[in-house]
Amino acid sequence: MSRPSFESTITVGNIALSFHRAVAAVTRRVLEAHGHPVNSVEAPHEQLFRLQEDGDIDVLVSAWLPSSHDTYLSRYRDRVRVLTRQYQPYCVWAVPPSMPIENVREVADLARPEVVERMTTVIDGINPGAGISRFSARMVSEYGLDRVGYTFSPGTESSFISRVERGLATGEWFVIPLWRPQYLNRLYGLRPLEDPKGLLGTVDNASPIVSLAALDRIHPHAVAGLDRLRLGNEGVEEIDALINVDGLTPLQAADRYLANSGPALPA
């Protein structure tokens, strides 16, 4: 029997959002450190999991489990290895820090007449396959916000970011479906609302997902390195800010983070 080659190209797939690109860039550097050329693929949430299910992606970055992405991973979980979490994401609804907390402390407060008078009632989000989007569509109805004129409108990452920046610049009252890690948290100090119904899910574990079919082609030390890599929410947000605020490419941002303040790449 021939020995496996640990110089084969590994396909890393990431969800098409900037902070997922940030984590994928660090993942790429770990694989490259062990001699692997890396092919990069990105797609929206559900499509990316379909690609791995169909055998087109070796390493998926990252699955948020259990709340956000288990619905996609459960179809083929017996054919992958879920590595140890690299950060712990969670979803929120947030408002500008200038909105008084005595007016809006929790999601239900958005329906108060004096708040509705001032609020923009279109709630803009990212693509509909994201956990935060699925949760948000449900929240509009379960908190009764649709009865006072609120609607949820999914969109693109760029339209979502533009919406936040425009609202902050004009002093608008608005609510935004958000999550950590995301660089907007570092930049603007958006204030999370309480969600007494618990509709935004739990604090998830964000883990790389490795296809069992690919394990024989990936150097064991590279797999172990990914399994030990801890970025934390703060680390992911730092890399995300380097991309979106400083204008670096994901690989440049990952390299700067690793050189200046990140963990040494596991050997």
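Above this text you will find the structure in question.
Residues numbered from 1 in each chain as written. Predicted model: local features only at pLDDT ≥ 70, side-chain atom pairs only at ≥ 80, totals over all residues. Heavy atoms only, no water.

1. Looking at the pairing of strand E5 (residues 90-95)
Moving on, step 1. With five of its six residues buried, E5 lies for the most part within the structure.
Moving on, step 2. Note that E5 and strand E9 (residues 191-192) share two bridges and pair antiparallel. For Ala-94, the partnering residue across the bridge sits in E9 and is Pro-192. (Buried < 20%, exposed > 50% of the residue type's maximum accessible area, 1.4 Å probe, protein only. Helix = DSSP H or I, 4+ residues; strand = E, 2+ residues; numbered from the N terminus. Pairing = 2+ DSSP bridges.)

2. Topic: the environment of Ile-132
Moving on, step 1. Looking at the element boundaries, Ile-132 is found in helix H5 (residues 131-142).
Moving on, step 2. For the pair formed by Ile-132 and Pro-250, sequence separation is 118 residues and the distance between their alpha carbons is 23 Å.
Moving on, step 3. Once residues lying within four places of it in the same chain are set aside, the contact partners of Ile-132 are Cys-91, Val-92, Trp-93, Ile-126, Pro-177, Leu-178, Trp-179 and Leu-200. (Contact = heavy atoms within 4.5 Å.)

3. Some thoughts on the side chain of Asn-127
Moving on, step 1. Among the structural elements, Asn-127 can be located in the loop between strand E6 (122-124) and H5.
Moving on, step 2. What makes Asn-127 buried here is its relative accessible area of 17%.
Moving on, step 3. At a separation of 3.3 Å, a polar atom in the side chain of Asn-127 contacts the side chain of His-45. (Polar contact = N/O pair within 3.5 Å; in protein donor to acceptor, adjacent residues only side chain to side chain.)

4. Regarding the layout of surface pockets
Moving on, step 1. By volume, the largest pocket amounts to about 150 Å³.
Moving on, step 2. Considering the residues around the largest pocket, the lining is formed by Val-12, Asn-14, Arg-21, Ala-24, Ala-25, Arg-28, Val-38, Ser-40, Val-41, Glu-42, Pro-250 and Leu-251.
Moving on, step 3. Every element with two or more residues in the lining of the largest pocket is listed here: strand E1 (10-15), helix H1 (18-33), strand E2 (38-43) and helix H10 (250-260).
Moving on, step 4. Its residues placed into classes, the lining of the largest pocket shows seven nonpolar, two polar and three charged. (1 Å grid on protein atoms, 1.4 Å probe; cavity = no way out; pocket = protein on both sides within 12 Å on 5 of 7 lines; lining within 4 Å. Points joined across faces, edges and corners; volume = space filled by probe spheres on them. Nonpolar A, V, L, I, M, F, W, Y, C, P; charged D, E, K, R; others polar.)

5. Some thoughts on the packing of H1 against helix H9 (residues 232-244)
Moving on, step 1. Closest axis-to-axis distance for the H1/H9 pair is 9 Å, and the angle between their directions is 110°. Considered as vectors, H1 and H9 are oriented roughly perpendicular to each other. For the pair H1 and H9, the contacting residues are Ser-18, Phe-19, Ala-22, Val-23 and Val-26 in the first and Val-236, Ile-239, Asp-240, Ile-243 and Asn-244 in the second.
Moving on, step 2. When grouped by side-chain class, the residues that make up the contact of H1 with H9 number seven nonpolar, two polar and one charged. (Axes fitted to C-alpha atoms, helices over the stretch in contact; angles between N-to-C directions. Parallel < 35°, antiparallel > 145°, perpendicular 65-115°, else oblique.)

Nothing here speaks to function; it is all geometry.
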